[in-house]
Amino acid sequence: MGADILSCAGNITFDGNAATYNGLRMGGSATIKGCTFTNHAEAAVYIEGSGNTFGGTADGERNIVLDRQISISGANTTVIGNYFGVTSDGSTCDAGPQGIELASGSSGTVIGGDAANERNVISCQSSQNILVKNGAGSATISGNYIGTNAAGTAGIGSGTGIGFESGATYASAITIG
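What counts, and where the lines are drawn
- Starting from 1, residues in each chain are numbered consecutively following that chain's sequence as written.
- The predicted origin of the model limits local features to residues at a pLDDT of at least 70 and limits the giving and counting of side-chain atom pairs to 80 or more, whereas totals for whole chains, interfaces and linings rest on all residues.
- Side-chain numbers here rest on the full set of heavy atoms in the structure, without hydrogens or water.
- The helix count covers DSSP runs of H or I at least four residues long, the strand count covers runs of E at least two residues long, and both are numbered beginning at the N terminus.
- The buried label goes to any residue with under 20% of its type's maximum accessible area, the exposed label to any with over 50%, and the partly exposed label to all in between, with areas taken from a 1.4 Å probe on protein chains only.
- Here, two residues are considered to be in contact whenever any of their heavy atoms come within 4.5 Å of each other.
- To qualify as a nonpolar core, a set must consist of buried Ala, Val, Leu, Ile, Met, Phe, Trp, Tyr and Cys residues joined through side-chain atoms within 4.5 Å.

(A) Fine view of the side chain of T87. Of note, T87 is situated in the loop between β11 (83-84) and β12 (98-102). The class for T87 is buried, based on a relative accessible area of 19%. Those residues in contact with T87, other than ones at most four positions away along the chain, are I64, L66, T92 and D94.

(B) Geometry of the nonpolar core. Grouped together as the largest cluster of nonpolar side chains are 25 residues, with contacts concentrated most on F37, V45, F54, I70, V79, F84 and I100. Elements supplying a minimum of two residues to this core: β4 (30-33), β6 (45-47), β9 (70-72), β12, β15 (128-132) and β16 (139-142). Non-local contacts of V79, meaning those with residues more than four positions away in its chain, are made with F54, I70, I72, F84, I100, V110, I111, G112 and N120. With 7 residues, the next largest nonpolar core counts I64, L66, Y83 and I156 among its residues.

This is the structure:
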């Protein structure tokens, strides 16, 4: 059986209605693209399992995550072409405490990339735009706009760019570039 794909084509919003809500969970080899996530009390998306993709590089594949983060605990996850804490106009803030959380068990994670269409915009968070937690494994974080608008021309409300959990030890390399 092939990979599971959820393609919202920009027309579906997952609204947690501010309830104590465990967001959408991605298992292994799943793809979510073109969706908007808003109003969650906890993480909007939990990425578990191996080989998941969140977002994409083609028109209409960008996910928009407002007011809560995605939490990655699976292996070999790719996060590309998304807006975290920034509305679809690329410059209006609507954020929560973190944009992306690398949780214990995550490894081989790729956030962003060298091409402009792989870039994530991660801004406006009250704490960390990206939080690396104790037990997070290897990750490459590159090519993203952190703390800026989508054009990269102006700083917009932002907490710490990339934060590391206090007292944490990291089993593998985190490459930032």
